[in-house]
Each structure stands twice: as C-alpha cells, then as structure tokens.
Amino acid sequence: MRILITGGTGLIGQRLCKALTARGDHVTVLSRRPQQVAALCGSQVQTMASLQDWTSQDFDAVINLAGAPIVDAAWTPARKQEIIASRVGLTQNLVAKMASMPNPPSVFLSGSAIGFYGDEETGELDETKTAGKDFSALLCRDWEAAANHYSAQLASLNKIHVAPRIVFLRTGLVLDPRGGVLKKMLLPFQLGVGGKLGDGRQTMSWIHHADCLRALLRLLDDANCRGPFNLVAPNVVSNAEFSQTLASTLHRPAFFTTPAWVLRTILGERANLILRGQHVVPRALEACGFQFEYPQLSAALVDILQ
Ligand SMILES: NC(=O)c1ccc[n+]([C@@H]2O[C@H](COP(=O)([O-])OP(=O)(O)OC[C@H]3O[C@@H](n4cnc5c(N)ncnc54)[C@H](OP(=O)(O)O)[C@@H]3O)[C@@H](O)[C@H]2O)c1
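Please read all numbers here as calculations on a predicted model, not as lab measurements.

Engineer: Any details on the overall build of the protein? Residues and values, ideally.
Structural biologist: In terms of helices and strands, the protein carries eleven helices and 15 strands. Over its C-alpha trace the protein gives a radius of gyration of 19 Å, about what one expects of a compact globule, namely 19 Å for 306 residues. C-alpha extents for the protein along the principal axes are approximately 60 × 40 × 40 Å. Evaluated residue by residue, the protein yields a buried proportion of 51% over its 306 residues.

Engineer: Quick one: what's the story with the packing of helix 5 (residues 180-190) against helix 7 (residues 239-249), residue by residue and with numbers?
Structural biologist: Packing of helix 5 against helix 7 brings their axes to within 11 Å, and their N-to-C directions diverge by 65 degrees. Seen along the crossing, helix 5 lies across helix 7 with a hand that is right-handed. Of helix 7, the residues touching helix 5 (which contributes Leu182, Met185, Leu186 and Phe189) are Phe242, Ser243, Leu246 and Ala247. Residues belonging to the contact of helix 5 with helix 7 are distributed by class as follows: seven nonpolar, one polar and no charged.

Engineer: Tell me about the pairing of strand 4 (residues 61-64), and name the residues and values.
Structural biologist: Burial along strand 4 is two-sided: Ala61 and Ile63 and Val62 and Asn64, pointing in opposite directions, are all buried. Pairing of strand 4 with strand 5 (residues 107-113), which is carried by four bridges, proceeds in the parallel orientation. Across the sheet, residue Asn64 finds its bridge partner in strand 5, namely Ser110. Read from strand 4 through helix 3 (residues 77-100) to strand 5, the crossover connection turns out right-handed.

Engineer: Tell me about the nonpolar core, and please be specific about residues and values.
Structural biologist: In this structure, Ile5, Leu20 and Leu219 are the most contacted members of the largest nonpolar core, which totals 32 residues. Here this core takes seven residues from helix 6 (residues 209-221), the largest share from any one element. In this view, Leu219 contacts Leu109, Arg165, Val167, Leu169, Cys225, Phe229, Leu231 and Leu285; residues no more than four positions away in its chain are not counted. Counting residues in hydrophobic clusters, the runner-up holds 20 residues, among them Trp206, Val237, Leu246 and Tyr294.

Engineer: Break down the sheet that holds strand 4 for me, citing the residues and quoting the values.
Structural biologist: In space, the seven strands of this open sheet follow the order 3-2-1-4-5-7-12, with parallel pairing throughout. The open sheet is flanked by strand 3 (46-48) and strand 12 (227-231), the only strands paired with a single partner. Between one strand and the next, the sheet's axes are offset by a mean angle of 20 degrees, whatever the strand orientation. Direction of pairing for strand 1 (residues 2-6) relative to strand 4: parallel, over a ladder of four bridges. Counterpart to Ile3 in the pairing with strand 4 is Ala61.

Engineer: Before we move on, could you go through unusual backbone geometry and cite the residues and values that matter?
Structural biologist: Positive phi outside glycine occurs at Asn158, with the angle close to 60 degrees. Structurally, the position occupied by Asn158 is in the loop between helix 4 (135-156) and strand 7 (165-171). Of note, His251 is a non-glycine position whose phi angle comes to about 55 degrees, a positive value. With respect to the helices, strands and loops of the structure, His251 is situated in the loop between helix 7 and strand 14 (256-258).

Engineer: For the environment of Ala131, give the residues involved together with the corresponding values.
Structural biologist: Along the chain, Ala131 turns up in the loop between strand 6 (124-125) and helix 4. Separated by 95 residues in sequence, Ala131 and Arg226 place their C-alpha atoms 18 Å apart.

Engineer: Which residues make up the site of the ligand, and what are the values?
Structural biologist: By nearness alone, 23 residues border the ligand, and Thr9, Ile12, Ser31, Arg33 and Arg87 come closest of all. Leu65 has a polar backbone atom sitting 3.0 Å from an oxygen atom of the ligand. Residue Val174 places a main-chain N or O atom 3.0 Å away from an oxygen atom belonging to the ligand. When the ligand is considered free in solution it has 890 Å² of accessible area, and contact with the protein chains removes 83% of it. Those elements that place two or more of their residues in the shell around the ligand are helix 1 (11-22), helix 3, strand 5 and strand 8 (173-175). Tallied by class, residues from the shell around the ligand come to ten nonpolar, nine polar and four charged.

Engineer: Can you tell me about the pattern of salt bridges, naming the residues and giving the values?
Structural biologist: Taken as a whole and judged by the stated rule, the model has 16 salt bridges. A salt bridge links Arg23 to Asp221, with the nearest nitrogen and oxygen atoms 2.7 Å apart. Of this pair, Arg23 sits in the loop between helix 1 and strand 2 (26-30) while Asp221 is found in helix 6, placing the two residues 198 residues apart along the sequence. If you follow the salt bridges from partner to partner, you end up with Arg23, Asp25 and Asp221 in one network.

Engineer: Which residues make up the side chain of Arg79, and what values do they have?
Structural biologist: Note that Arg79 resides in helix 3. Classification of Arg79 as buried rests on a relative accessible area of 14%.

Rules of the game
- Residues numbered from 1 in each chain as written.
- Predicted model: local features only at pLDDT ≥ 70, side-chain atom pairs only at ≥ 80, totals over all residues.
- Heavy atoms only, no water.
- Helix = DSSP H or I, 4+ residues; strand = E, 2+ residues; numbered from the N terminus.
- Rg over C-alpha atoms; globule rule 2.2 N^0.38 Å.
- Buried < 20%, exposed > 50% of the residue type's maximum accessible area, 1.4 Å probe, protein only.
- Axes fitted to C-alpha atoms, helices over the stretch in contact; angles between N-to-C directions.
- Left-handed = near helix turned anticlockwise from the far one by under 90°.
- Contact = heavy atoms within 4.5 Å.
- Nonpolar A, V, L, I, M, F, W, Y, C, P; charged D, E, K, R; others polar.
- Pairing = 2+ DSSP bridges.
- Right-handed = clockwise from strand over helix to strand, strands pointing away.
- Core = buried A, V, L, I, M, F, W, Y, C linked by side-chain atoms within 4.5 Å.
- Near = heavy atom within 4 Å.
- Polar contact = N/O pair within 3.5 Å; in protein donor to acceptor, adjacent residues only side chain to side chain.
- Areas by Shrake-Rupley, 256 points an atom, 1.4 Å probe, with all protein chains shown as cover.
- Salt bridge = Lys/Arg side-chain N within 4 Å of Asp/Glu carboxyl O.

Rendered as structure tokens:
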C-alpha cells in the first residue's frame, strides 16, 4: 500500500512508520522537519515537506496524526489557537488536497482522542456517545468534522466514484516509555515519591503502545472498519489503582498524593485532563473482533518497564 502519514515523526507515528515499512508498505511522511524523518521513521520512508509538494503521487491511504502537544504548555489563547490550527486547520488543508488529486486516497484514518467525550464523569463511554463541551472535546469534535468533510469535498468535485472509508482514531493514554503520559509519570515513581493525583478516583483509559499500533494496522487494513474507534484497553483503572500498579511494577512505594489544588495552580485549565477521568470502552474495536495483547494494566506495565 502507498501511505501518506502526517505526524509520522511523533510517538505513535514513528512506530507506525517502522511497522508499515517492515511489512512492505511504501510510506511518505509529511513533516515540518524533513531532514529528521529518515532518522526518526526509518531510511525507507519518503519525505514531503509541504502539501504543495504533493503534485502527482498517488496514495491509497492517508493517516493523519499531526498536532501540537496538548499538555506541554499553558493554554493561553495563542496556544489554544496553535493546538486548533495544527489539527483542525491542517486537516482542512489536507482534505482539500486529497480531494483535488486525480486519484484521491480511498482510506483516511484521522486523529482524535478520548478527550472527544469531555471531562464530565458520565459512566461508560462508547463510540455512540456525543462530544463533551470543554476545550479538548470541542477540539476533537471539530478535528473529526474536518476529516469527515472529505466525502463532501469529493462529491463537490464530482468524484462520486471514490467512496472513501474514513476512520476517527479516538486514542486514549498511550503507554510508551519513550514519551507521552508514562514518561512524564516515571521519574517521581522511580524516585519513590510517586502517588495518586487528587483523590485518585478519576478513571484512566489507557492502551499499551503495541496494541495501539496493532489497532491502527487493523483499522487501515479492514474494509469493514469505518467511523469512530476508541483506542483504549478494555480494562480501565482509577488513577489510584494506576499509581499503585506503576509503583509495584517499579518496586517502589506510592505513598504520596499530589493535591488537586496544587495541580490546578500549576496547570490551570489543563489540570482537568488529569483530575477528571473518562471511562472509555473499546466497543467498536471489540465488535470488529480485535484481540488485545495487553488487556490488563499490570501485564502492560511489566512488559513496558521490565
Ligand atoms: N500519545 C497519546 O497518548 C495520544 C493520546 C490521544 C491522542 N493522541 C493524538 O494522536 C496524535 C499522535 O500522537 P503522538 O503522541 O504520536 O503525537 P506527538 O508525538 O506529539 O507527534 C505529533 C506530530 O505532530 C507534528 N506537530 C507537532 N506540532 C505541530 C504543529 N504546531 N503543527 C503541525 N504539526 C505539528 C509533529 O510532526 P513534524 O514535526 O514532523 O511536523 C509531531 O511529530 C496526536 O495528534 C495526538 O494529539 C495521542
């Protein structure tokens, strides 16, 4: 398959590029730092520095993972605009380009997150639930809408012979020692000063990086998969349980608690990302018969950390 990936240099994208090239797919990464693509994604990966460079190549599929980091910097109005532009704006431009090609891609996997459901604790969240109302939820809603517009764009250009298969990747907390939430949590736990955040009752919907990768490959290959998919393991845990499991995997204590007010003081609005939980379930993946290699957190952390 010929595949164009945005965000291929990121945490998820690097593993994806390597897995795809290993099985013989032809991968091109659209990147703002093209000189680093070979080192990060593998020497077989082609590079595209800008959408304007997409002139005549045909791609069977596009996987859209790009986006400015959500948690790394304070959510000032300017930062929020950057987060939105790097997802919604980039996706709008990507979709317009895809639709304009003589042979438009027929498969489109586009990023989203479990943040789609919002930060209210409202019980189990499967793919039928509607978007929440906070910043992350509205971001994911608009990001998905921009991707979904691909069908309408093709129709408006009279390319009705292309019936694209569009998949929204509502990704949970990807557990990967190389980055993301786990890397941020590891140091205090390794030093023996880790523990729960706030009252620890908030739910953490996580996924082992290997299951995330296998799910992406399945969604790319399986013609029956379309629409939203929650990329989370079937067994969510509370933050307190996550902290205990992480500590015991590292053979460290988890005595400490970071009070909610400290997190709110340091993180402002972003604190809701870790103080409010979401009980997300992988209903659509399970309906496709997807089997998780790491359905339980303890086995996932042992595999990742030992
Ligand atoms: N990792 C998780 O736990 C998780 C959970 C839920 C959702 N997601 C979503 O899944 C996608 C991939 O996740 P990831 O963890 O692999 O992300 P990542 O490591 O942060 O990488 C994302 C990529 O996006 C590109 N990017 C960064 N800032 C940008 C900007 N301002 N404008 C345009 N492009 C920019 C970068 O590619 P270049 O520098 O090559 O352009 C970067 O490599 C992201 O959109 C993320 O929001 C991830």
